[in-house]
There are 2 protein chains.
Amino acid sequence: MFPRLNDGGSAERREPAELILQSLKITDRQTIIASLSSSLGAALERFQGEVKFEQEREILAATGFPGFLTRLLSSAVASSGWGRSYLLCQEIGMAPSRYKLIYFNARGRAEHIRFIFAYAGVEYTDHRIVKEKWPEIKRSTPFGMLPVLEVDGKAVCQSNAVARFLARQYNLAGKDEWEALQCDSLVDTLGDLKQVLWYYRSEQDPIKKEERRATLLKETIPFYLKKFEKVISENGGFSVGNSITWTDFVFAVSLENFELIFGKDSLEPYPHLRKLKEKVFALPSIKAWIDKRPQTEF
Amino acid sequence: MFPRLNDGGSAERREPAELILQSLKITDRQTIIASLSSSLGAALERFQGEVKFEQEREILAATGFPGFLTRLLSSAVASSGWGRSYLLCQEIGMAPSRYKLIYFNARGRAEHIRFIFAYAGVEYTDHRIVKEKWPEIKRSTPFGMLPVLEVDGKAVCQSNAVARFLARQYNLAGKDEWEALQCDSLVDTLGDLKQVLWYYRSEQDPIKKEERRATLLKETIPFYLKKFEKVISENGGFSVGNSITWTDFVFAVSLENFELIFGKDSLEPYPHLRKLKEKVFALPSIKAWIDKRPQTEF
């Protein structure tokens, strides 16, 4: 149902369009459009015979240029006049706007998901709802929580479950199941720390709040951050293995908030953590997203 | 590193040993041991050439009898006198006692992991530590938390990350990535409810505790359980898809505790949830585990 399309991974690693067209020995876009359209037509016929679209997938993977192909397929869908062509687009994982991410106008629990989309170069609808609308929208969500991801109209909640699902599709969940486990373990451990931070931030009593802050700064935060620092140092600057994973995005997003809450120099004792955050923020695809994303407090 | 061994899945679906031996046209155990040992020898040679052990994997998967094979491989390892044979056992996912699960003497956050091991028929060390030893052991754990799973001596924490890792290996994480996402989403949503229950149970002030109990029983619990009930009803008695997943184990274990806290008839309004719990508990492999597991309060 969800083929793992090896679409070249990140925008960074993608070859320029012209190079791809060259390698396919097709020099103008009209020709590639015609070639792909006819191949799409053949696939549509085969669809009825329930043959898998290996050839089409290969062409799409080889071009590694989803934005262009999405538009191309959209126009093929529009011109084919046949509903099943949309199913083909879904089958090859390139239906236009198959993803709709629903969240408040905040980074919060959705930002690492947005980072994955940005890094993988996947188009999606970044649907932000205003707080006033929430009580009304809440009833229509699976479990009264945001973020919700709609995949081809089917809604699913839990930010880390959604992020993991996307990370697996776009090769951001480690090189094997062991690395995938390390990703999950670190994300959940960071989640425990965030839970304690939330517990502190939601405390209403100013005296209790100050007590909690003291314990946090003296014990809890150093305990976790020292251990995270060690892991990242041992992995040569990555949280898992020796390449980018969604866990790096979770760290980067969390550390940005951490600096907001505890001050710019709060990461001073953890140079590897800070460097990881800066490295993620400097990735061209992520930087492009940060430059254009709506400015919100958290 | 961790091949997903299709070892026939559950103990329930496994064919009896004699039938397997028959189907392999080998009628006595000595012959199959000799045959597999020679095949193991060939694999060991190929190991140096870094060839994958497809053939050996196929034989092992076809026999679908891990307990017997584990013993067989142990003896092969012992007799081969070559350290690398242990690596082969690891490669095919059948090294004896590759797993050690470390937790308190409780069901708690480890029991769904134990259910996975029981259902998949995987041998492991169920290491239970006494509370008095915890402060000392805590320092040696990755993040000061239990459960910890040791895989070939490497420790990793976070119960759901560990459970998911095992579930993926033993075909308990849904039929595709979409079902895997549903599993993760439900497990995390149930985790949210468990967090609220823990918040109530850890409240010291008796008046506040009673207030919380009232809100829980009137609002929070019905909100979640009604939605879970609907999902399970729609999936014909499973939490995800139309077959057993680790999420069913997470539900079964949680619902046992739920009945302990809120009384036997607390699941009365949720017949599908109760049936799911009973179905999981009645699986022969799970029942065998429940019959022999240490009796603990939670």
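Computed from a predicted structure; not experimentally measured. (Residues numbered from 1 in each chain as written. Chains lettered and ligands numbered in written order. Predicted model: local features only at pLDDT ≥ 70, side-chain atom pairs only at ≥ 80, totals over all residues. Heavy atoms only, no water.)

**Points about the UniProt feature "domain: GST C-terminal" (unreviewed entry) in chain A**
- Those residues carrying the UniProt feature "domain: GST C-terminal" (unreviewed entry) are residues 176-298 of chain A in this numbering.
- Helix makes up 75% of residues 176-298 of chain A and strand makes up 0%, while its end C-alpha atoms are separated by 33 Å. (UniProt positions renumbered as here; feature names shortened; annotations may be inferred. Helix = DSSP H or I, 4+ residues; strand = E, 2+ residues; numbered from the N terminus.)

**Concerning the packing of helix 10 (residues 206-234) of chain A against helix 12 (residues 271-282) of chain A**
Residues and elements named next belong to chain A.
- Where helix 10 contacts helix 12, the two axes come as close as 8 Å, and the packing angle between them is 65°. By the criterion of interaxial angle, the relationship of helix 10 to helix 12 is roughly perpendicular. Note on packing geometry: the crossing formed by helix 10 with helix 12 is left-handed. The segment helix 10 lies against helix 12, with Leu225, Phe228, Glu229, Ile232 and Ser233 engaging Pro271, His272, Leu273 and Leu276.
- A class-by-class count of the residues in the contact of helix 10 with helix 12 yields 6 nonpolar, 2 polar and 1 charged. (Axes fitted to C-alpha atoms, helices over the stretch in contact; angles between N-to-C directions. Parallel < 35°, antiparallel > 145°, perpendicular 65-115°, else oblique. Left-handed = near helix turned anticlockwise from the far one by under 90°. Contact = heavy atoms within 4.5 Å. Nonpolar A, V, L, I, M, F, W, Y, C, P; charged D, E, K, R; others polar.)

**A look at the sheet that holds strand 4 (residues 154-157) of chain A**
All names here are of chain A.
- Read across the sheet, 4 strands follow the order 2-1-3-4 without closing on themselves; strand pairing throughout is mixed. In the strand order of this sheet, the two ends are held by strand 2 (125-129) and strand 4, each with one partner. Here the strands of the sheet are splayed against their neighbours by 25° on average, with no regard to which way each runs.
- Where helix 8 (residues 159-169) meets the sheet, it contacts strand 1 (99-104), strand 3 (148-151) and strand 4, and its direction lies at approximately 115° from that of strand 4. (Pairing = 2+ DSSP bridges.)

**Topic: the relation of the copies chain B and chain A**
- With an RMSD of 0.0 Å, the operation that places chain B on chain A is a rotation of 180° combined with a shift of 0.0 Å along the axis. Here the transformation between the copies is reduced to the relation of a two-fold axis.
- When you check the interface residues of chain B against chain A, 100% turn up at the interface there too, and the contact is symmetric in its surfaces. (Least-squares fit on C-alpha atoms with pLDDT ≥ 70 in both.)

**Considering the packing of helix 9 (residues 177-201) of chain B against helix 11 (residues 246-262) of chain B**
All names here are of chain B.
- In contact at an axis separation of 10 Å, helix 9 and helix 11 are set at 20° when each is read in the N-to-C sense. Comparing their axes, helix 11 and helix 9 come out roughly parallel. Judged by the twist between their axes, the crossing of helix 9 over helix 11 is left-handed. Here Cys183, Asp184, Leu186, Val187, Leu190, Lys194, Leu197, Tyr200 and Arg201 of helix 9 lie close against helix 11, whose contacting residues are Trp246, Thr247, Val250, Phe251, Ser254, Phe258, Ile261 and Phe262.
- Of the residues belonging to the contact of helix 9 with helix 11, the class tally is 12 nonpolar, 2 polar and 3 charged.

**What about helix 13 (residues 284-292) of chain A?**
Residues and elements named next belong to chain A.
- Within helix 13 the residues assigned to the buried category are Ser285, Ile286, Trp289 and Ile290. Burial along helix 13 is one-sided: seen end-on, the buried residues are contained in an arc of 135°. Turned more than 90 degrees off the buried face of helix 13, the exposed positions are Pro284, Asp291 and Lys292.
- Taken together, the buried residues of helix 13 touch helix 6 (111-120), strand 2, helix 11 (246-262) and helix 12. (Buried < 20%, exposed > 50% of the residue type's maximum accessible area, 1.4 Å probe, protein only. Arc of directions from axis to C-beta.)

**Looking at the sheet that holds strand 3 (residues 148-151) of chain B**
Residue and element names in this part refer to chain B.
- Strands sit in the order 2-1-3-4 across an open sheet of 4 strands; the sheet is mixed. In this open sheet, the two edge strands, each paired with only one partner strand, are strand 2 (125-129) and strand 4 (154-157). The sheet shows a mean angle of 25° between the axes of neighbouring strands, taken without regard to direction.
- In the packing of helix 6 (residues 111-120) onto the sheet, the strands contacted are strand 1 (99-104), strand 2 and strand 3, and the crossing angle to strand 1 comes to about 150°.
- Across the sheet, helix 8 (residues 159-169) touches strand 1, strand 3 and strand 4, and the angle it forms with strand 4 is around 115°.

**A short note on the side chain of A:Arg293**
All names here are of chain A.
- Assignment of secondary structure puts arginine 293 in the segment after helix 13.
- A polar contact is formed between the side chain of arginine 293 and the side chain of glutamate 256, at a distance of 3.0 Å.
- Discounting chain neighbours no more than four positions away, the residues touching arginine 293 are Arg107, Glu111, Phe115, Glu256 and Phe281. (Polar contact = N/O pair within 3.5 Å; in protein donor to acceptor, adjacent residues only side chain to side chain.)

**Quick word on the packing of aromatic side chains**
- For the structure on display, the rule yields 30 aromatic pairs over all chains.
- Relative to A:Tyr124, the ring of A:Phe117 lies with its centre 4.2 Å away and its plane at 15°, an arrangement referred to as stacked.
- Here A:Phe117 falls in the buried class, since its relative accessible area comes to 1%.
- Centre to centre, the rings of B:Phe258 and B:Phe262 are 5.0 Å apart; their planes meet at 45°, and the pair counts as tilted. Taken as a pair, B:Phe258 and B:Phe262 lie in helix 11 at a separation of 4 residues, close to a single helical turn. Across the pair, exposure class does not vary: B:Phe258 and B:Phe262 are buried alike. (Phe/Tyr/Trp six-rings, centres within 6.5 Å; stacked < 30°, edge-to-face > 60°.)

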